[in-house]
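One-letter residues, chain by chain:
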Amino acid sequence: VFTMRTIITVLSILFMLSLPLTAMAKEEPMQLPAGSNSGADMHNKAGIKHWGMGHSEEALKHFKEAAAEDSSIAEIHFNEAVALDKMGDHGAATKHFKKAKSLAKGNDKILNSPILKGHVGH
């Protein structure tokens, strides 16, 4: 026999597990490091602007354009991953989180990111 308290607890846990990683880890796209490729920086800033307006798909387009300008910047891959995660494409997000991690060059904000760790582990 289940008590009402047990049922509510189980339902609450199931609800929390069903939330996307971004619902628990409210991480935002990152600015590019100083001295980055100017075209990449321009597209990245446009992506961040659209992200702030709630336009995830448009933000992702700009982050992809930034990557086309310079795919060696960890923050661009991180930003693509955050947008992909928000849109529910966790497979592609994981790929970009892994790339961001490999290019991070000691960037603690990337390396210690809860959403990144949620996708690729520690």
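Below is a summary of the structure that appears in this document. (Residues numbered from 1 in each chain as written. Predicted model: local features only at pLDDT ≥ 70, side-chain atom pairs only at ≥ 80, totals over all residues. Heavy atoms only, no water.)

### Some points on helix α3 (residues 38-52)
Consideration 1: Helix length check: α3, at 15 residues, gives a terminal C-alpha distance of 21 Å against a target of 21 Å (1.5 Å per residue), a fit within 8%.
Consideration 2: Of the residues making up α3, those classed as buried are Gly39, Ala40, Asp41, His43, Asn44, Gly47, Ile48, His50 and Trp51.
Consideration 3: Close packing links the buried residues of α3 with α4 (56-69) and α5 (74-86).
Consideration 4: The distance from a side-chain oxygen at the start of α3 to the backbone nitrogen of glycine 39 is 2.8 Å, and the residue carrying that oxygen is asparagine 37. (Helix = DSSP H or I, 4+ residues; strand = E, 2+ residues; numbered from the N terminus. Expected span 1.5 Å × (residues − 1). Buried < 20%, exposed > 50% of the residue type's maximum accessible area, 1.4 Å probe, protein only. Contact = heavy atoms within 4.5 Å. Polar contact = N/O pair within 3.5 Å; in protein donor to acceptor, adjacent residues only side chain to side chain.)

### A short note on a nonpolar patch on the surface
Consideration 1: Where nonpolar side chains cluster on the molecular surface, the patch consists of Phe2, Met4, Ile7, Ile8, Val10, Leu11 and Leu14 and spans about 740 Å² of accessible area.
Consideration 2: Examined against the element boundaries, isoleucine 8 turns out to sit in helix α1 (residues 4-18).
Consideration 3: For isoleucine 8, a relative accessible area of 48% corresponds to the partly exposed category. (Patch = residues over 30% accessible without salt bridge, like charges linked within 9 Å, V, L, I, M, F, W, Y side chains within 5 Å. Areas by Shrake-Rupley, 256 points an atom, 1.4 Å probe, with all protein chains shown as cover. Salt bridge = Lys/Arg side-chain N within 4 Å of Asp/Glu carboxyl O.)

### What about α4?
Consideration 1: Between the first and last C-alpha of α4 there are 20 Å, a value that for 14 residues agrees with the 20 Å anticipated at 1.5 Å per step.
Consideration 2: Among all positions of α4, only Ser56, Ala59, Leu60, His62, Phe63, Ala66 and Ala67 are buried. One side of α4 carries all its buried residues, which in axial view fall inside an arc of 165°. Those residues of α4 that are exposed and aimed more than 90 degrees away from the buried face are Glu57, Lys61 and Ala68. (Arc of directions from axis to C-beta.)

### Here we look at the nonpolar core
One broad rule of soluble globular proteins: the nonpolar side chains tend to lie buried together.
Consideration 1: The biggest cluster of nonpolar side chains holds 20 residues, and the ones touching the most others in it are Trp51, Phe63, Phe78, Val82, Ala83, Phe97 and Ile110.
Consideration 2: Within the residue set of this core, elements represented by two or more residues are α3, α4, α5, α6 (90-103) and α8 (114-120).
Consideration 3: Setting aside its immediate chain neighbours within four residues, phenylalanine 97 contacts Phe78, Ala81, Val82, Ile115, Leu116, His119 and Val120.
Consideration 4: Ala40, Ala66, Ala67 and Ile73 belong to the second-largest nonpolar core, a separate cluster that totals 6 residues. (Core = buried A, V, L, I, M, F, W, Y, C linked by side-chain atoms within 4.5 Å.)

### Side note on the side chain of glutamate 80
Consideration 1: Turning to its location among the elements, glutamate 80 is positioned in helix α5.
Consideration 2: Of the side chains with opposite charge, lysine 64 lies nearest to the buried glutamate 80, which makes no salt bridge, at 4.9 Å.
Consideration 3: Not counting chain neighbours up to four residues away, the residues in contact with glutamate 80 comprise Leu60, Phe63, Lys64, Ala67 and His96. (Lys, Arg positive; Asp, Glu negative; His and termini not counted.)

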